[in-house]
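An overview of the molecular structure
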Amino acid sequence: MNFINLKRAVTEIKQACDGVKGSQRTPFFFIVGAGISHPSVPLAPDLVKDFSKTAGDYGKTNEPQSKRDVDNYAHWFEQAHPQRIDRQQYLHDLIKDRPISHANLRLAHLLLTKRITNLVVTPNFDDFLTRSLHLFGMQHVVCDHPNTVERVDHERQDTIQIVHVHGTYWFYDCCNLSGEIEGRAQSSSETYTMGFLLDQILYRRSPLVIGYSGWEGDVIMKALEKRLKQGGLPRRIYWFCFRRENADWLPSWLRDHQDVYFVVPEQESASGVLEETSQDGSPESQMSQSSRIEGATFVEAEAVEPTLSAQQVLDALIETFGLEPPALTRDPLCFFAEQLRTSLPKADTANGESDIYFIDSVIERIQRARDREAEENKRIEGTRLMLEPVRDAIRSSKYRDAIRLLSGIPSGDLRRFNDEQLREAMDAARTSALRLSDNTEEELRGYDLVISIGFIFLDQKPDQSSVRKQVAQALVDKGITLGAMARGNEAVTVFEEVVKHFGTDAELREQVARAWHNKGNRLATLNQSEEAIKAYDEVVNLFCDADEPMLLNRVAKALVSKGNRLGALNRSDEAIAVYDEVVKRFGEAVEPAICEKVATALRNKGNRLAALNRNEDAVTVFDDVLKRFGDAREPALRVQVAIALRDKGYRLRELSRSEEAIAVFDEVIRRFGKATEPALRVHAAIAMRDKGSRLGASDRSEEAITVFDDVVKRFGEVPEPALRAQAAMALRDKGSLLSALDRSEEAITVFEDVIRHFGEATEQAVRVQVGNALSAIGIEILRAAKRLLATGDQRSALSNLAKAREKLEAARECKPNGASILGTLGYVAFLSGDEEEARKLLTDAIRLGGEEIRQGELADADIHPLPQDEAFKELVRSIPAPPADHTSQ
């Protein structure tokens, strides 16, 4: 797969467009999906939730047979609204009178000059782009039905053309169900169909794909597949992905084509990746992992995954192409006057025709208003004109320039601004900061401008509640941004500013609650746990009697955070008491967000009880989660149920109730194995692996191997990285089990299967498992080397040690901070006679992995022991302990 960042993509697009001369055809066209109309129109997953709820109200709860997103959408839409006219009416009511999204306005702005293209293809049913173009005064052609396809002349460059491949919400024949969508995709030799039109367009131009998820079976994907399989396109396809993982969900014929470039967010994150730890949260020793295979559990990373929105993409294109603001925004009165002159009839006295609407007089009134505005601008000492460059910068997507221009306005001039101008300056600063959202000094400066301008306003009119709210929001956003920039102490200070200035303001309780909670979270990351707990207590004390669901949710969240912090301090009894308080306060709540906190509190209580070896009590608590939320339909609560079931299975395992544990894992698979939500399918896959591990530990090895093979069969070829990672883990688990059975050659073959199937993967979650497999092969070769050393075959042993080192170094490339890999490399170096290198590697391993790595290496030395292993143990024991505040990785 080809991945590039936004900056490179827009630069290459501009370079291609700069090469167009005179009346030559523009090289690109836009394919835009639901992402450009959000949030004015909900996205498909949100619509599916609404459909399933409506269907459930009528007793229709059967799940779809297909896993395809398009089939899931169609299934629930038809279940909720079986009549075609009702589906059309649903879309009409959903879209009519909704405000135009910012991204559609940006897209219309890009189309005005036709520098990139004059052609847009979309599966969207809304008319936001048409309304945007009308607003900017641009005539255009719309095709929204196969019978209107001949309106579109894709060779013309002088007319903006919009093709709605599935129709619009205005018409009865819009496509919604799988059969309708696929029917629209059919080509015909007799009629000029949507499919034929797209074939012609793709022969000449390459698409820029924004906000489109790529549903297989629709006319756009069919046309793309056909064109790519016929030999490619004239230029690269640039497919802009909201998240990095969105590219992985697309079909292989698209993902792997050399002409398709996926534009992804700048930084990757572990969000949603399931990280493996041992049962107590410490890293596994790779050398002895086979003996602890059943003890694996998983925790979810909390990092926020970066995204690339449609508006960010369109902003970048507008800025890179240097587009001027639309005429409507530069000189609205002149714009409207010109629109009237060119669009409406005038009096024709020679033919006896009068101006029946007196349009000329309307134009004259507009002109007089424009003249008065020009005179007023001269009288207001330039303060209003100071904002015009700021407005133009934002209109042209130059948010950094807007912040720079605002920063350049002297404080004295700001104090002469009237109320309207101060509000506009604050809005401009906040908009620019939020649009940047890149954790930079410029973003911080934007929030600082909101704050400083806001306080100037409040100095004059302290009772302006809307201004106070903007200042409070900007302070909280600034604190969050500082935290993301690893400037935790500064973030804490900013959150304290919120409390200082607005702590008693009844209208700003939401922002104060956010500040206290975020202060607690930031103190926790600074290892100031006691202070963090106090901050969480403040949230509870201040807002426990609130009526607003948002504040109650914040109280529940603060209590859960407090319990987690107490648990991290090994104050389990206190943590359990806090989780009980969550259930006592909110156990009868009906709001899904608060119910999720109750479920989380119960699960965390169960795990705290388990940490105290009270496994029977823990099982009872997990059963309570199932009793309360087992029938919930909200995805977040279903995830909590899935995790609670898995946690119950682990506790039953610890109680030596293996058959019951296996039955619980089967329950996870039964409930969630066919779910459409990726998170639930991941938990089903993990449960399958858990079942396999339990079977293996119960001397039912062949059954376990069958289960691991089933995981690979079901999830090895799916696009979601987290599921592919589970398939890779299952293969690794199978190899580990074979290794534990002393079937070393078979184990190596399985580990090599991991590399063969997933070695070219780019997803970090999968790459980690490739690293684990390489490490496991290295360990198997290391064990073989030890056996050779025991027989005195020094030459063969050294050869094997070199091979082991090669595999482990390759594993290290996949897992650069893999402490156990470093430790094993240290053992290889020691057995190879390089004690100095061994000490260096072991020191790094223990620094990264803590005492668990030390104990693991000591245990590894006891596998096929050699006389020199005693010296190795002494070396391991001599390595200094990591700092007291070290956190295992």
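Everything quoted here is computed from the prediction, not taken from an experiment.

Parameters and conventions
Residues numbered from 1 in each chain as written. Predicted model: local features only at pLDDT ≥ 70, side-chain atom pairs only at ≥ 80, totals over all residues. Heavy atoms only, no water. Helix = DSSP H or I, 4+ residues; strand = E, 2+ residues; numbered from the N terminus. Buried < 20%, exposed > 50% of the residue type's maximum accessible area, 1.4 Å probe, protein only. Areas by Shrake-Rupley, 256 points an atom, 1.4 Å probe, with all protein chains shown as cover. Axes fitted to C-alpha atoms, helices over the stretch in contact; angles between N-to-C directions. Parallel < 35°, antiparallel > 145°, perpendicular 65-115°, else oblique. Left-handed = near helix turned anticlockwise from the far one by under 90°. Contact = heavy atoms within 4.5 Å. Phe/Tyr/Trp six-rings, centres within 6.5 Å; stacked < 30°, edge-to-face > 60°. Patch = residues over 30% accessible without salt bridge, like charges linked within 9 Å, V, L, I, M, F, W, Y side chains within 5 Å. Salt bridge = Lys/Arg side-chain N within 4 Å of Asp/Glu carboxyl O. Lys, Arg positive; Asp, Glu negative; His and termini not counted. Charge placed at Lys NZ, Arg CZ, Asp CG, Glu CD. Pairing = 2+ DSSP bridges. Core = buried A, V, L, I, M, F, W, Y, C linked by side-chain atoms within 4.5 Å. pLDDT = per-residue confidence, 0-100. Expected span 1.5 Å × (residues − 1). Arc of directions from axis to C-beta. Right-handed = clockwise from strand over helix to strand, strands pointing away.

Turning to the overall build of the chain, a few remarks are in order. If you tally the helices and strands in the chain, you get 39 helices and 10 strands. Across the 889 residues of the chain, 53% fall into the buried class. For the chain, the accessible area works out to roughly 39900 Å², and carbon and sulfur atoms hold 48% of it.

For the rest of this paragraph, the subject is the packing of helix H29 (residues 658-672) against helix H30 (residues 678-697). The interhelical angle for the contact between H29 and H30, taken along N-to-C directions, is 155 degrees, at an axis separation of 8 Å. Classified by the angle their axes make, H29 and H30 are roughly antiparallel. As for how H29 packs across H30, the hand of that crossing is left-handed. Contacts from Ser658, Ala661, Ile662, Phe665, Asp666, Val668, Ile669 and Phe672 in H29 reach Leu680, Arg681, His683, Ala684, Ala687, Met688, Asp690, Lys691, Arg694 and Leu695 in H30.

Applying the stated criterion across every chain yields a total of 13 aromatic pairs. Considering the side-chain rings of Tyr73 and Phe77, the 5.7 Å spacing of their centres and the 70 degrees angle between planes classify their relative orientation as edge-to-face. One end of the pair is Tyr73 and the other is Phe77, both in helix H3 (residues 69-80) and four residues apart, which spans about a single turn. In this pair, the class of Tyr73 matches that of Phe77, namely buried.

Attention now moves to the packing of helix H37 (residues 835-849) against helix H39 (residues 869-878). Two elements in contact, H37 and H39, have axes separated by 10 Å at closest approach and are oriented at 45 degrees. One way to sum up the angle between H37 and H39 is to call them oblique. When you trace H37 past H39, the crossing you get is right-handed. Residues Glu835, Ala838, Arg839, Leu842 and Ile846 of H37 form the contact with H39, whose participating residues are Phe872, Leu875, Val876 and Ser878.

What follows deals with a negative patch on the surface. A surface patch of like charges, here negative, comprises Glu510, Asp545, Asp547 and Glu548. For Asp545, the location among the structural elements is in the loop between helix H23 (529-543) and helix H24 (549-568). Asp545 gets classed as exposed once you look at its relative accessible area, which sits at 69%.

This part takes up the sheet that holds strand S8 (residues 260-263). Pairing is parallel across the open sheet formed by eight strands, whose spatial order is S1-S8-S7-S6-S2-S3-S5-S4. The open sheet has two free edges, formed respectively by strand S1 (2-4) and strand S4 (140-143), since each of these has just one partner strand. For this sheet, the mean inter-axis angle between neighbouring strands, taken without regard to orientation, is 20 degrees. Looking at chain direction, S4 and strand S5 (residues 160-164) are connected through four bridges and run parallel. Along S5, the bridge assignment pairs Val142 with Ile162.

Our next topic: unusual backbone geometry. Note the cis peptide between His38 and Pro39, where omega equals 10 degrees. Take Pro39: it is sitting in the loop between strand S2 (28-32) and helix H2 (44-57). Despite not being glycine, Asn613 shows a phi value in the positive range, around 60 degrees. Secondary-structure assignment places Asn613 in the loop between helix H26 (592-611) and helix H27 (615-629). We note that Asp742 has phi near 60 degrees; this positive angle belongs to a residue other than glycine. Following the sequence through the fold, Asp742 ends up in the loop between helix H32 (721-740) and helix H33 (744-758). Owing to a relative accessible area of 68%, Asp742 belongs among the exposed residues under this scheme.

Membership of the largest hydrophobic core comes to 172 residues, with the highest contact counts inside it found for Leu406 and Phe586. Looking at this core, the element that brings in the most residues is helix H34 (residues 764-791), giving 11 residues. For Leu406, the contacting residues outside a window of four places in its chain are Leu387, Val390, Ala425, Ala428, Ala429 and Leu449. If you look at the next biggest cluster of nonpolar residues, it comprises 41 residues, including Ile160, Ala310, Leu314 and Ala316.

Here we take up the environment of Thr481. Along the chain, Thr481 turns up in helix H20 (residues 465-484). Classification of Thr481 by relative accessible area gives buried; the value is 4%. Spatially, the C-alpha atom of Thr481 lies 8.2 Å from that of Glu443, the residues being 38 residues apart in sequence.

The predicted model of the chain has a mean per-residue pLDDT of 86, with 90% of residues at 70 or higher. When the criterion is pLDDT under 50, residues 268-303 qualifies, and its contacts beyond four places in sequence or with other chains add up to 104 contacts. Confidence over residues 885-889 falls short of pLDDT 50; this stretch has 11 contacts with residues more than four positions distant or in other chains.

This next bit is on the environment of Leu344. Structurally, the position occupied by Leu344 is in the loop between helix H13 (332-343) and helix H14 (359-379). Here Leu344 falls in the partly exposed class, since its relative accessible area comes to 32%. Taking the C-alpha atoms as reference points, Leu344 and Ile359, 15 residues apart in sequence, are found 7.5 Å from one another.

Pairing between side chains of opposite charge can happen when their charged atoms approach one another. In the structure shown here, the tally under the stated rule is 64 salt bridges. As a salt-bridge pair, Glu531 and Lys534 come within 3.4 Å of each other at their nearest N and O atoms. Of this pair, Glu531 and Lys534 are both found in helix H23, three residues apart, which corresponds to roughly one turn of the helix. Between Lys562 and Asp537 there is a salt bridge; the shortest N-O distance is 2.8 Å. With a gap of 25 residues between them, Lys562 in helix H24 and Asp537 in helix H23 connect regions that are remote in the sequence.

What follows concerns the environment of Leu112. The residue Leu112 is located in helix H5 (residues 102-113) in this model. Between the C-alpha atoms of Leu112 and Gln139, which are 27 residues apart in sequence, the distance is 9.8 Å. Excluding its chain neighbours within four sequence positions, the residues that come into contact with Leu112 are Leu133, Phe136, Met138, Ile160 and Pro326.

The next subject is helix H31 (residues 701-715). Here H31 is 15 residues long and its end C-alpha atoms lie 21 Å apart, about the 21 Å a rise of 1.5 Å per residue gives. All buried positions along H31 are accounted for by Ser701, Ala704, Ile705, Val707, Phe708, Val711, Val712 and Phe715. Axial view of H31: buried residues confined to an arc of 160 degrees, hence all on one face. H31 presents Thr706 and Lys713 as exposed residues on the side facing more than 90 degrees away from its buried surface. Summarising the contacts, the buried residues of H31 are in contact with H30 and H32.

Now for H32. Look at H32: 28 Å from first C-alpha to last across 20 residues, which is about the 28 Å you get at 1.5 Å a residue. Of all 20 residues in H32, 19 are buried; the element is thus mostly enclosed. Asp742 sits one or two positions beyond H32 and adopts a positive phi of about 60 degrees.

With that settled, the discussion passes to the pairing of S2. Counted residue by residue, S2 has five buried out of five residues, so it is predominantly covered. Because side chains alternate across S2, one face comprises the buried residues Phe28, Phe30 and Val32, and the other comprises Phe29 and Ile31, equally buried. Of the strand pairs in this sheet, S2 and strand S6 (residues 206-210) are connected by five bridges, and their pairing is parallel. Considered in S6, the bridge of Phe29 is made with Pro207. Bridge count for S2 against strand S3 (residues 119-122) is two bridges, and the pairing is parallel. Considered in S3, the bridge of Phe30 is made with Val120.

What follows deals with the pairing of strand S7 (residues 237-240). Because side chains alternate across S7, one face comprises the buried residues Ile237 and Trp239, and the other comprises Tyr238 and Phe240, equally buried. Bridging between S6 and S7 involves three bridges; their strand directions are parallel. When the sheet's bridge partners are listed, Ile210 is paired in S7 with Phe240. The β-α-β motif built from S6, the intervening helix H9 (residues 219-229) and the parallel element S7 has right-handed crossover chirality. In the sheet, S7 pairs with S8 via four bridges, with the strands oriented parallel.

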